[in-house]
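Here is what each chain is made of, one letter per residue.
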Amino acid sequence: MEAHIAPVSNRSIPRFVRERRWWLLLLVVWTVAVAFSLHAQIEQIRQQTTAIAIEGARNMFRMVLLTRNWNASHGGIYVPVTERTQPNPYLNVPHRDVTTTEGVELTMVNPAYMTRLIAEMAESASGAVFRLTSLRPIRPENKPDRWERQALEAFEQGIKETSGIEPSPEGDMLRYMAPLKVQESCLQCHRKQGYQVGDIRGGISVSQRNAPIEAAVQAGWHRVLLSHGLVFILVLVAGWLMLEMLRRRWFELGDKIQELQDAQSQLLQSEKMAAIGQLAAGVAHEINNPVGFVSSNLNSLKNYSEQMIALLERCRSGQASEADFVAADFDYLKEDLADLLRESRDGLGRVTKIVSDLKDFSHVDEAGWQEADLNAGIEATLNVVWHELKYKAEVVRELGELPLVPCIAAQIDQVVMNLLVNAAHAIESRGTIVVRTGHDDAWAWIEVADTGKGMTPAVMQRIFEPFYTTKPVGKGTGLGLSLAYDIVKKHGGRIEVHSEPGQGSTFRVWLPLQGGPAEEQHQK
């Protein structure tokens, strides 16, 4: 079974929250968004208003066209001749003018003439102007202007209608124009021009002042501007207040986290010191053995030296006899002195090694990055914790050849020591602890396996949590494996755990072969 450990979350306060000047980016984004929405709304109002006006012009065209068709369906209509309605000089048909039995003079009004009469009435009543025009007009006054000519030429290409805003002496005008197609009734007047049914005879253009349309757009623009302005200010104020609250809360949280980190650092330091203190008794025992026989050897050397000095004194005074030299037994003395000195030197070397290794652990946070020999560090760690291990387990070394690994060597030794002590505590009776090392192209690994009681999945999910321990109250702080985990993550590595209840546990530490302070800083 394997436990996968999630990376530690980044608890630093983001610069966006910490420095208010970055909030201006949100202000710029919000301003651009509101401006874009405002522009889109204004354009939509303009398009809708223009579309309504064009639809009005289109309806006017349809009404005129309907009226023309009604007129054409009756072959023209007769109306009384008045000062305003004079006979149409361009209408050459029989019976154009007639007189009723009562003596009323009537004149025929054809569709074109009626269109002109209606246009004059519409202009005086509503201000809308529409006129009949053609590229080949019979009546010269129906000659198209520039815009109408372009529209008529477009109709010849199949365009159904056209519209636009055109300047004029009276101001900008909204113009609309649609084509008129030749019908059978139109040939009465236009057959001689060569038209056939279905040809584009001309068109009717409708013009109305754009000022009322623009006034309606301006009114809508002001409403939209007011609503967008209110929303912009409300969201700006609310957003700024929320960011201020978030900033304040984040700083408060940062302070609390810093306090917790400081407290955890103190507890971890206490745990490291407690671990060293716990090992001190075993180390003292390991030191007492060589110190004891060194002390005994010094007593023997003292006795030998006193005997030699006494013999030399007798020789100098001439009182020494041959029996004295025989009693001295120089051959045994020479051999024993060599053994005493060798044993004392070995014992002092053992003491020096233990003290040196213990000193390295006591300064674990003062060491720097270096290219370290992990196998040598493991041997030194085993030397320090030997008293903790030798009564609980047989230690088997399976150390492979390793390249030098960039790390803080003393901290990695701390990790190994915690794993070894943890393995010893997991063994209830005599067992075995195996220490292995190896590497691949990118990673070096250290493995500590024990034949202890193992762990359940629930325990494995929490073993690296600070203060979590399965030991009885007062027997452990639950910081040993947490400290090991933090150190390994600081080095850019990871810890894998395999364990089953009753089958022991295996911890494997992976360390990158390429790393150092730059990578460490990057992870922070």
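### Remarks on the overall build of the protein
Item 1. Check the secondary structure of the protein and you find 14 helices and 15 strands.
Item 2. Across the 524 residues that make up the protein, the buried fraction comes to 37%.
Item 3. Considering only intrachain contacts with a sequence separation of at least 6, the fraction spanning at least 24 residues in the protein is 70%.
Item 4. Accessible area of the protein: about 30,400 Å², with a carbon and sulfur share of 57%.

### A word on the packing of aromatic side chains
Item 1. This model, assessed by the stated rule, comprises 3 aromatic pairs.
Item 2. Between the aromatic rings of phenylalanine 61 and tyrosine 176, the centroid separation amounts to 6.4 Å while the plane-to-plane angle is 70°, which identifies the pairing as edge-to-face. Taken together, the residues phenylalanine 61 in helix α2 (residues 23-73) and tyrosine 176 in strand β7 (residues 173-181) connect sequence positions 115 residues apart. In this structure, phenylalanine 61 and tyrosine 176 share a single accessibility class: buried.
Item 3. For the pair phenylalanine 464 and tyrosine 485, a centre-to-centre distance of 5.4 Å together with 40° between the ring planes defines the contact as tilted. Of this pair, phenylalanine 464 sits in the loop between α12 (457-460) and α13 (480-490) while tyrosine 485 is found in helix α13, placing the two residues 21 residues apart along the sequence.

### Description of the pairing of β7
Item 1. Taking burial as the measure, the 9 residues of β7 include 8 buried ones, the bulk of the element.
Item 2. Here 5 bridges tie strand β6 (residues 162-166) to β7, and the two strands are oriented antiparallel to one another. Residue pairing in the sheet places threonine 162 in a bridge with methionine 177 of β7.
Item 3. The antiparallel pairing of β6 with β7 creates a hairpin that spans 6 residues between the two strands, and glycine 171 there sits at a positive phi of about 115°.
Item 4. Direction of pairing for β7 relative to strand β8 (residues 200-209): antiparallel, over a ladder of 9 bridges. Following the sheet pairing, tyrosine 176 is matched in β8 by valine 206.

### Thoughts on the nonpolar core
A general tendency of soluble globular proteins is for nonpolar side chains to be buried together.
Item 1. Counting residues in each nonpolar core, the largest one holds 45 residues, and the members touching the most others are Leu374, Leu420, Ile433 and Phe507.
Item 2. Here this core gets 10 residues from one element, more than from any other, and that element is helix α11 (residues 409-426).
Item 3. Beyond its immediate sequence surroundings of up to four residues, isoleucine 433 is in contact with Leu389, Ala393, Glu394, Val395, Val396, Leu420, Ala423, Ala424, Ile427, Val448, Ala449 and Asp450.

### Details of a nonpolar patch on the surface
Item 1. On the surface, a nonpolar cluster with roughly 330 Å² of combined accessible area is contributed by Leu226, Leu230 and Leu234.
Item 2. Within the secondary structure, leucine 230 is located in helix α6 (residues 211-317).

### Brief notes about the packing of helix α9 (residues 374-384) against α11
Geometrically, a packed helix pair is captured by the angle between its two axes and the distance between the axes.
Item 1. With their axes 9 Å apart at the nearest point, α9 and α11 run at an angle of 50° to one another. In this view, α9 runs oblique relative to α11, as classed from their interaxial angle. At the point where α9 passes α11, the crossing takes the right-handed sense. Residue-level contacts link Leu374, Gly377, Ile378, Thr381 and Leu382 of α9 to Ile412, Asp413, Val416, Met417 and Leu420 of α11.

### Topic: the sheet that holds strand β5 (residues 129-133)
Item 1. Strands sit in the order β5-β8-β7-β6 across an open sheet of 4 strands; the sheet is antiparallel. Pairing within the sheet leaves two strands with one partner each, and these edge strands are β5 and β6. Ignoring strand direction, the axes of neighbouring strands in this sheet form an average angle of 20°.
Item 2. The pairing of β5 with β8 spans 5 bridges and is classified as antiparallel. The residue bridging arginine 131 from the neighbouring strand is serine 205, located in β8.
Item 3. Contacting β5, β6, β7 and β8, α2 crosses the sheet at an angle of about 35° to β7.
Item 4. In the packing of helix α4 (residues 146-156) onto the sheet, contacts are made with β5, β6, β7 and β8, and the angle to β7 comes to roughly 40°.

### Looking at unusual backbone geometry
Item 1. Phi is positive for histidine 95, close to 60°, though the residue is something other than glycine.
Item 2. In this fold, histidine 95 is placed in the loop between β2 (77-80) and β3 (97-99).
Item 3. For histidine 95, a relative accessible area of 61% gives the class exposed.

Criteria and thresholds
Residues numbered from 1 in each chain as written. Predicted model: local features only at pLDDT ≥ 70, side-chain atom pairs only at ≥ 80, totals over all residues. Heavy atoms only, no water. Helix = DSSP H or I, 4+ residues; strand = E, 2+ residues; numbered from the N terminus. Buried < 20%, exposed > 50% of the residue type's maximum accessible area, 1.4 Å probe, protein only. Contact = heavy atoms within 4.5 Å. Areas by Shrake-Rupley, 256 points an atom, 1.4 Å probe, with all protein chains shown as cover. Phe/Tyr/Trp six-rings, centres within 6.5 Å; stacked < 30°, edge-to-face > 60°. Pairing = 2+ DSSP bridges. Core = buried A, V, L, I, M, F, W, Y, C linked by side-chain atoms within 4.5 Å. Patch = residues over 30% accessible without salt bridge, like charges linked within 9 Å, V, L, I, M, F, W, Y side chains within 5 Å. Salt bridge = Lys/Arg side-chain N within 4 Å of Asp/Glu carboxyl O. Axes fitted to C-alpha atoms, helices over the stretch in contact; angles between N-to-C directions. Parallel < 35°, antiparallel > 145°, perpendicular 65-115°, else oblique. Left-handed = near helix turned anticlockwise from the far one by under 90°.

Shape is all these values report; function is a separate question.
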